[in-house]
Amino acid sequence: MGFITQNVIRTPNDECWSLADTVARTVATIRTAHEWWTKNGYYGESVVRIEVQTLGRDVAQGEDGSFLPLIDEDVPQLHIKNFRFTKPPSRTAMARRHFTFWDRTTGLDVATTDLTVELLRSFGHSQPTAAIREAITPIIEWQSRHGQNTDNP
């Protein structure tokens, strides 16, 4: 199962991309795939791969350093303590991880954190895993309350 989305959005001042939306849509896609697989009797492993092509655009980041959602303003901001994203040397980043049944359910926060850490490293940034997990938790909790709809993660 795959999911592709356009993540470069035109704002009043420029075009930029959203790390918060990337995380929210990844969680929505994992949950939707898990639900479909479970209904069809599949409880095995899967591979999640994220590729972000920024097209040289800046990431949507507020003055306080929070990563801003652009597709759905209800998605919580992603605030990674003491981290400011600088323009990466590469316009493309990729993260890949095997997911077990546990990763797609109880361990979704850990697995999504691992993917995000790898994605940021691919962009040339390294942050403490605990800080990223803390930042991702509100998005996972929000996604739990708002269902599986990938049009509105």
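All values derive from a computational prediction rather than experimental measurement.

Visitor: Explain the nonpolar core here, please?
Guide: If you look at soluble globular proteins, the nonpolar side chains tend to sit buried side by side. Core analysis: the largest hydrophobic core is formed by 35 residues, its most contacted members being W17, L19, F67, L78, I80, F85 and L119. Listing elements by their share of this core, those giving two or more residues are α1 (19-39), β3 (46-53), β5 (92-99), α3 (108-122) and α4 (129-146). When residues of this core are assigned to their parent elements, the largest contribution, 7 residues, is made by α4. The residues contacting W17, other than those within four sequence positions of it, are N7, V8, T22, V52, T54, R57, D58, V59, A60, L70, F85 and F123.

Visitor: How should I be thinking about α3 in this particular structure?
Guide: An α-helix turns once per 3.6 residues; consequently, residues spaced three or four apart project the same way. Between the first and last C-alpha of α3 there are 21 Å, a value that for 15 residues agrees with the 21 Å anticipated at 1.5 Å per step. Turning to α3, its buried residues number three or more, namely L108, A111, T112, T113, L115, T116, V117, L119 and L120. Elements that come into contact with the buried residues of α3 comprise α1, β3, β5, α2 (101-104) and α4. Phi for G124, located one or two positions after α3, is positive at around 95 degrees.

Visitor: I would appreciate a short explanation of α4 in the present structure.
Guide: Counted at 1.5 Å a residue, the expected span for α4 with its 18 residues is 26 Å, and the 26 Å between its end C-alpha atoms agrees. The sharpest bend along α4 comes to roughly 30 degrees, located at I136, with the proline P138 sitting one to four residues further on. Where α4 is concerned, the buried positions are A131, I132, A135, I136, I139, I140, W142 and Q143. Of the surrounding elements, those touching the buried residues of α4 are α1 and α3.

Visitor: What should I look at first to understand the sheet that holds strand β2 (residues 15-17) in this one?
Guide: Hydrogen bonds between backbone groups are what pair the strands of a sheet, and the pairing can be parallel or antiparallel. With respect to topology, 3 strands assemble into an open sheet ordered β1-β2-β4, the strand pairing being mixed. Looking at strand neighbours, the two that pair on one side only are β1 (8-10) and β4 (58-59), the edges of this open sheet. Note: β2 against β4, 2 bridges, orientation parallel. Its bridge partner being in β4, C16 is matched across the sheet by D58.

Visitor: Help me understand the packing of α1 against α4, please; the structure alone is not making it clear to me.
Guide: When two helices pack together, their arrangement is captured by the angle between the axes and the distance separating the axes. Running from N to C, α1 and α4 cross one another at 45 degrees; their axes reach a closest spacing of 10 Å. One way to sum up the angle between α1 and α4 is to call them oblique. Every pair of crossing elements has a handedness; the one defined by α1 and α4 is right-handed. Each of A20, V23, A24, V27, A28 and R31 in α1 lies in contact with α4, whose residues at this interface are I136, I139, I140, Q143 and S144.

Visitor: Help me out: how do you make sense of the confidence of the model for the chain in this one?
Guide: Low-pLDDT stretches of the model should not have their predicted coordinates read in fine detail. Mean pLDDT over the chain stands at 86; residues scoring 70 or higher make up 92%. The element-level mean pLDDT for the chain is lowest in β1, coming to 84, with α3 highest at 93. Every residue in residues 148-153 scores below 50 in pLDDT, and together they form 20 contacts with partners more than four places removed in sequence or on other chains.

Visitor: Can you help me understand the packing of α1 against α3 in this one?
Guide: α3 packs onto α1 with a crossing angle of 135 degrees between their chain directions and a minimal axis gap of 11 Å. Considering their axes alone, α1 and α3 lie oblique with respect to each other. Two packed elements cross with a definite hand, and for α1 against α3 that hand is right-handed. Residue-level inspection shows L19, T22, V23, T26, V27, I30 and R31 of α1 in contact with α3, the latter providing L108, T112, L115, T116, L119 and L120.

Cut-offs applied
- Residues numbered from 1 in each chain as written.
- Predicted model: local features only at pLDDT ≥ 70, side-chain atom pairs only at ≥ 80, totals over all residues.
- Heavy atoms only, no water.
- Core = buried A, V, L, I, M, F, W, Y, C linked by side-chain atoms within 4.5 Å.
- Buried < 20%, exposed > 50% of the residue type's maximum accessible area, 1.4 Å probe, protein only.
- Helix = DSSP H or I, 4+ residues; strand = E, 2+ residues; numbered from the N terminus.
- Contact = heavy atoms within 4.5 Å.
- Expected span 1.5 Å × (residues − 1).
- Bend = angle between axes of the 7 residues up to and from the residue.
- Pairing = 2+ DSSP bridges.
- Axes fitted to C-alpha atoms, helices over the stretch in contact; angles between N-to-C directions.
- Parallel < 35°, antiparallel > 145°, perpendicular 65-115°, else oblique.
- Left-handed = near helix turned anticlockwise from the far one by under 90°.
- pLDDT = per-residue confidence, 0-100.

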